[in-house]
Amino acid sequence: MSKRPITMPDEQSDSPIDEKQNCIWLHAANREMLGATTHLAQQILHKHQKVTVLLTYTWGTKHQLNLHPRLSSQIVTNDSGSTARSLLQRFNAKSLIWLGGDVMPKIISDLHKEGCKMTLVADAAEALKTRRFTLFTPAIAKAVRLFSTYYALDAKAATLLARLGVVASKIKINGPLQQGYVLVETREEDPPIVKELVSGRPAWLAVNVMDRELTAVLQAQRVVMRQAHRMLLLIALCPSDEADQILALAQGLDLNAALWQTGLEIGQNLDVIMIPAQIDPTSCFRLAPLCFLGQSLFETGQGQSPYQAAALGAAIIVGPFVGAHTADYDRLDEAGGLRRVNDPNELATAVLQMSGPEQAAQTSLAAWTVVSQGAEVTDALAALALDQLGS
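These numbers come from a predicted model, not from an experiment. (Residues numbered from 1 in each chain as written. Predicted model: local features only at pLDDT ≥ 70, side-chain atom pairs only at ≥ 80, totals over all residues. Heavy atoms only, no water.)

A. Representation of the packing of helix H1 (residues 34-47) against helix H14 (residues 375-390). Between H1 and H14, the shortest axis-to-axis distance is 9 Å and the interhelical angle comes to 55 degrees. Between H1 and H14, the crossing angle belongs to the class labelled oblique. Note that H1 runs across H14; the crossing there is right-handed. Mapping the contact onto sequence places His39, Leu40, Gln43, Ile44 and Lys47 in H1 and Thr378, Asp379, Leu381, Ala382, Ala385 and Leu386 in H14. (Axes fitted to C-alpha atoms, helices over the stretch in contact; angles between N-to-C directions. Helix = DSSP H or I, 4+ residues; strand = E, 2+ residues; numbered from the N terminus. Parallel < 35°, antiparallel > 145°, perpendicular 65-115°, else oblique. Left-handed = near helix turned anticlockwise from the far one by under 90°. Contact = heavy atoms within 4.5 Å.)

B. Here's a closer look at unusual backbone geometry. If you check the backbone angles, Asn92 has positive phi at about 55 degrees while not being a glycine. With respect to the element layout, Asn92 can be found in the loop between helix H2 (81-91) and strand S4 (93-99). Backbone geometry places Asn208, a non-glycine residue, at a positive phi of 55 degrees. Along the chain, Asn208 falls in the loop between strand S8 (203-207) and helix H7 (211-227).

C. Representation of the sheet that holds strand S14 (residues 338-340) within the structure. Pairing in this open sheet of seven strands is parallel, and the strands run S10-S11-S9-S8-S12-S13-S14 from one edge to the other. If you trace the sheet from one side to the other, it starts and ends with strand S10 (257-259) and S14, each paired once. Geometrically, the sheet is characterised by an average inter-axis angle of 25 degrees between neighbouring strands, direction not taken into account. Across four bridges, the pairing between strand S9 (residues 232-236) and strand S11 (residues 272-275) is parallel. The residue of S11 that forms the bridge with Leu234 is Ile273. Sheet strands touched by helix H8 (residues 243-252): S9, S10 and S11. Its angle to S10, the strand with the most contacts, is close to 165 degrees. (Pairing = 2+ DSSP bridges.)

Structure follows, in structure tokens:
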């Protein structure tokens, strides 16, 4: 697969920020904005080492958002001044970016009284509806006008903001926000596994595979090898995986497997290589043009974000159960940026059909294009938040 240029985030800012007043508050007002909000959080944290981020959302399902040690996440369902004061006292946020609708008038009013600089990002006309009030009540209109900066991600949202009394000159109309993965540039040498595998036999990669999926993935490899005899299966192990257990499963299916170690001889009789959990995940995605993202073949799977694989140029294969990441996969699927499968036979068929360089490149390029969209808007919001924090 041909290599494509990757747009890296800006270098980390050196502007002075008081470490006692270094928190930026990001609020995802609806599920559709969660991906964009988490990506914005990662951009901000990458740009400045002395910043922390509070990420809040309003729906009842708790999300695992342990994306960074300087990121805190919290559910906020109660629109009250006491909620705002409690969070301000705990996190001392000086800048707020509210992404989406469901504006909470009491929280917004108290943040404004405390001098918090607030930006509203409206994603669509219906996004400013709330559970508690009808759209054009005085409370909603007043709260919306308390923001100092407005980004409308489409013309309908801009029109609605104007109808709520926002001066048109304050509204910046932009396209969608970026939902992707922040790539960190490194100048370190490639680990030996990359040097030895990336130019060797054709291969496909399985990542974050849960126990129940291991057999399915190995069965798929058996089917693949009937037509593509040299194809290797690379399994990126999780810290909890037992290599001996996988070796036994492979042997039971007449597959020769080995745990990667420097100097491993990759002979023609080797069918499966297990990659130790200590290997950087970023390196794993460079080992093969195709990647099956686990935690997705069975209902017990929790799914995983597809954005790291997409940003690193992998052609993605995924099962039907992706948990809270449904909207993310739907975006890629609509653009032709992934392949969905339901069982080992379909997984094997997908590997065989997508193993050609042209097909893999076409799929990965579609996914990479999706995760690159909106980078300019996201960068502008990150810069705005940091500027407000330092002012």
